[in-house]
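Single-letter residue listing:
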Amino acid sequence: MTKTPIAILISGRGSNMNALIEACAQPDYPARIALVLSNNPDAPGLETARAAGLDVMAIDHRKFPKDRESHERAVDAALVQAGVEIICLAGYMRVLTPYLVGRWHGKMLNIHPSLLPAYPGLDTHARALAAGDTEHGCTVHLVTDGVDEGPILRQARVKVLADDTAQSLAARVLQQEHVLYPAALSDYLSRR
Ligand code: GAR
């Protein structure tokens, strides 16, 4: 089967990246990883990706002070060079400018730990608990200009338990993220 070359962009531990690595290793999965890229040279996920034999690259945003777009231009050049067709943001904690979003319109997916449009941004689990929500979850969506906005591709729901802390809830949501992201990507590629 023809596998679509994807890039995974990370900033930290990369557990969603790892779920995508495992999915892409399956012969019948419709994507392969052409590049793992991070804005953070110390992201632990880079080591995981390297150990899996993948091409990895760090483009440190701190070397582009006060200029998000020039950092994104360097990122974009690396993605094009690697032959990437689809980007998966997986804990890539950068606010994107219209430049990168426009360049990859309809070709950039993100995973977010809430049932969007509820709780864009940070601390989603604590905010869901503080609001007394009975249900929480995660979303894979296409990236548009707003932070954690854009057409929703798939969601997974998790029941909030009476004794949940932000940590326990986050752990159960994360398990769902690891199932949701590979499924949503595969789905999206088959519909393109
Ligand atoms: C994940 O929970 C992901 O949904 C979240 O960051 C975490 C990264 O973990 N992303 C966002 O909050 C994006 N707004 P990981 O590095 O282990 O995949």
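Before reading on, note that the structure itself is shown above.
The rules behind these values
Residues numbered from 1 in each chain as written. Predicted model: local features only at pLDDT ≥ 70, side-chain atom pairs only at ≥ 80, totals over all residues. Heavy atoms only, no water. Helix = DSSP H or I, 4+ residues; strand = E, 2+ residues; numbered from the N terminus. Rg over C-alpha atoms; globule rule 2.2 N^0.38 Å. Buried < 20%, exposed > 50% of the residue type's maximum accessible area, 1.4 Å probe, protein only. Contact = heavy atoms within 4.5 Å. Areas by Shrake-Rupley, 256 points an atom, 1.4 Å probe, with all protein chains shown as cover. Lys, Arg positive; Asp, Glu negative; His and termini not counted. Charge placed at Lys NZ, Arg CZ, Asp CG, Glu CD. Pairing = 2+ DSSP bridges. Axes fitted to C-alpha atoms, helices over the stretch in contact; angles between N-to-C directions.

A. Structural detail: the overall build of the protein. Helix and strand counts for the protein stand at six helices and seven strands. Start at the N end of the protein and walk to the C end: the helices and strands fall as β-α-β-α-β-α-β-α-β-α-β-β-α. For a compact globule of 192 residues, the expected C-alpha radius of gyration is about 16 Å, and the protein comes in at 16 Å, within 12% of that figure. Taken along the three principal axes of its C-alpha coordinates, the protein extends 50 × 45 × 30 Å. Burial status across the protein gives 48% buried among its 192 residues. Once local pairs closer than 6 in sequence are excluded, the contacts in the protein between residues at least 24 apart make up 62%. As presented, the protein carries roughly 9,300 Å² of accessible surface, and 53% of it is formed by carbon and sulfur atoms. One finds the centroid of the 19 positive side-chain charges in the protein at a distance of 3 Å from the centroid of its 21 negative side-chain charges.

B. Expanded view of the sheet that holds strand 1 (residues 4–10). Pairing within the open sheet is mixed, and its seven strands lie in the order 3-2-1-4-5-6-7. Two strands lie at the open edges of the sheet, namely strand 3 (56–58) and strand 7 (152–159), each paired on one side alone. Across the sheet, the mean angle from the axis of one strand to that of its neighbour is 20°, orientation sign disregarded. Relative to strand 7, strand 6 (residues 135–142) is paired through seven bridges, and the arrangement is antiparallel. Paired with Thr139 across the strands is Gln155, a residue of strand 7. Here helix 2 (residues 44–51) sits on the sheet and contacts strand 1, strand 2 (31–38) and strand 3; the angle it forms with strand 3, its principal contact strand, is near 155°.

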